[in-house]
2 protein chains.
Amino acid sequence: MRPKMYLFGDSITEESFSNGGWGASLASCFSRSVDVVLRGYSGYNTRWALKVADKVFPAEGGATVLAVTVFFGANDASLPDRYSAFQHVPLPEYKQNLHAIVSFLKQRCPNAVILLITPPPVDEEGRLRDPYMDNAMGLPERTNEAAGAYAKECISVAQAYGCPVIDLWTKIQQLPDWQNSCLRDGLHLTESGSRVVFEEVVMKLKERGLSLETLPADLPLLADIDPNDPLKAFHN
Amino acid sequence: MRPKMYLFGDSITEESFSNGGWGASLASCFSRSVDVVLRGYSGYNTRWALKVADKVFPAEGGATVLAVTVFFGANDASLPDRYSAFQHVPLPEYKQNLHAIVSFLKQRCPNAVILLITPPPVDEEGRLRDPYMDNAMGLPERTNEAAGAYAKECISVAQAYGCPVIDLWTKIQQLPDWQNSCLRDGLHLTESGSRVVFEEVVMKLKERGLSLETLPADLPLLADIDPNDPLKAFHN
């Protein structure tokens, strides 16, 4: 009955329902009109995403999907000679994979706005402080420059398909002290960083006609229930 | 592909994906194994919930529902001679409606754990401070005593069906300064109050065999991906 919005991505998507997360904020925002479906896979790059896309997006029901956020690249951009090398995907393949993902989604979810999100910037010092990383070499496994190159390709894929795109790499770097205000460990988002993603997603969807104003609530809102005859609202 | 958990209730459910909300916490907790589906309807009582249940829970797909939280009573317990009288449902009808809802869910979602949650306690002073309430009479439209009576009936319905139940009315009143620590406006939950609901839901589901340990992730977890041969994990 209720249309869906899928969030397809890596850990930055998977953890988007934690406190102040952008996924939870979207679910809260559209609480009466759209189901926000969490499909975040920690550590995944576009190569692995392509392997699972067919399972993530079921063959049936695709017509009820209003929007899909595609948010990969942070892992693809891991440097090929550092700690996270096994997650690295070369830039040309990243571009090709992203093409294939968008192309697949356009077929599988023909009515959906496909919204691409670039990887966020990387704060290399922040990465070295990540307690879960075993950076024995004392060198970050990701660099901001590499992330930027993947962000650029992401934008070019979006443009090729006429899809909206959030240039998160640039957007976040425009904010004061973004290394600490927007990033928790040099890569993952703080509540403030998540707020940027939430606001950008809401804005981009609105530009494509999807907003609280245009998406109907599926059942009567309290404001539409007549206190003198409440059941009237439920007679349809 | 992924099983579902429905959250069916009133505003305390509808707003459960706001910052630190119990719904978002559940979605975050089960981010790789269960879809948490938000079906909260602000202002609704059990009478209205019954009118919409058939639309809220589609006839198809009920078998994939693992759990449903049923969280009504806060509006039913509105006093019949005060500001929110139009939301009031007499206690015997509340009980009857709750019976009908559980009975319906047992048919519609035959594999689901139906988890009842009593209304929270009411802080009457807090209600009078609610800026959205037009308590011209200077009297709260809900009392804690009334909420307690509805909580008691909720527990008895759960017992009649052998369903788990969270006695939130009692649970919250055991906490220090619950009026302010757990309630925002004498009725709706703060982050701490929401934390209580989240932890109780997780515990009750675990008692029925539904937990992170028993619910499989639908796709390979990063820890299960061999860095020396990542694609192996995706060959099944």
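Residues numbered from 1 in each chain as written. Chains lettered and ligands numbered in written order. Predicted model: local features only at pLDDT ≥ 70, side-chain atom pairs only at ≥ 80, totals over all residues. Heavy atoms only, no water.

Our working definition: UniProt positions are given in the numbering used here, feature names are shortened, and annotations may be inferred rather than shown by experiment.
If you check an unreviewed UniProt entry, chain A appears there as SGNH hydrolase-type esterase domain-containing protein from Erythroxylum novogranatense. Its UniProt record, at the heading Sequence similarities (unreviewed entry), says of chain A: "Belongs to the 'GDSL' lipolytic enzyme family."

1. Comments concerning the packing of aromatic side chains
Residue and element names in this part refer to chain B. Rules: Here is the rule: rings of Phe, Tyr and Trp (six-membered ring for Trp) pair when centre to centre is within 6.5 Å. Planes less than 30 degrees apart are stacked, more than 60 are edge-to-face, and the remainder are tilted. Runs of E in the DSSP output that reach at least two residues are strands. Runs of H or I that reach at least four are helices, and both are numbered from the N terminus. Each residue is placed in one exposure class: buried if its accessible area under a 1.4 Å probe, protein chains only, is under 20% of its type's maximum, exposed if it is over 50%, and partly exposed if it falls in between.
In this structure the tally under the stated criterion is 25 aromatic pairs over all chains. A ring pair is formed by Phe-8 and Phe-72, whose centres lie 5.0 Å apart and whose planes are at 80 degrees; its orientation type is edge-to-face. Remark: Phe-72 occurs in the loop between β3 (65-71) and α4 (91-108) and Phe-8 occurs in strand β1 (residues 4-9); sequence separation between them is 64 residues. The exposure class of Phe-8 is buried, given its relative accessible area of 0%.

2. Some words on the nonpolar core
Let me state the cut-off plainly: By nonpolar core is meant a set of buried Ala, Val, Leu, Ile, Met, Phe, Trp, Tyr and Cys residues that side-chain atoms within 4.5 Å join together. Here a residue-residue contact requires only that any non-hydrogen atoms of the pair lie within 4.5 Å.
With 72 residues, the main nonpolar core has Phe-17, Trp-22 and Leu-26 of chain A together with Phe-17, Trp-22 and Leu-26 of chain B as its most contacted residues. Once residues lying within four places of it in the same chain are set aside, the contact partners of Leu-26 of chain B are Met-5, Leu-7, Val-36, Phe-198, Val-201 and Val-202 of chain B.

3. Notes on the interface of chain B and chain A
Put simply, the test is: Once two parts are joined, some of their accessible surface, as seen by a 1.4 Å probe, is lost; buried area is that loss totalled over both. A pairing counts as a salt bridge when a side-chain nitrogen of Lys or Arg comes within 4 Å of a carboxyl oxygen of Asp or Glu. Here a polar contact means two N or O atoms within 3.5 Å. Within protein one must be a hydrogen donor candidate and the other an acceptor candidate, and residues neighboring in sequence count only if both atoms are side-chain atoms. The residue classification treats Ala, Val, Leu, Ile, Met, Phe, Trp, Tyr, Cys and Pro as nonpolar and Asp, Glu, Lys and Arg as charged. All others, Gly included, are polar.
At the junction of the two partners, chain B supplies 40 residues and chain A supplies 40 residues. Interface area for chain B against chain A, summed over the two sides, is near 3600 Å², with a carbon-plus-sulfur share of 62%. Inspection of the region where chain B meets chain A yields 4 salt bridges. A salt bridge links Asp-35 of chain B to Arg-39 of chain A, with the nearest nitrogen and oxygen atoms 2.7 Å apart. Inspection of the region where chain B meets chain A yields 12 residue pairs in polar contact (both at pLDDT 80 or more). Per element, the largest residue contribution to the side of chain B that touches chain A is 6 residues, and it comes from helix α3 (residues 46-56) of chain B. Across the side of chain B that touches chain A, the residue classes break down as 20 nonpolar, 10 polar and 10 charged.

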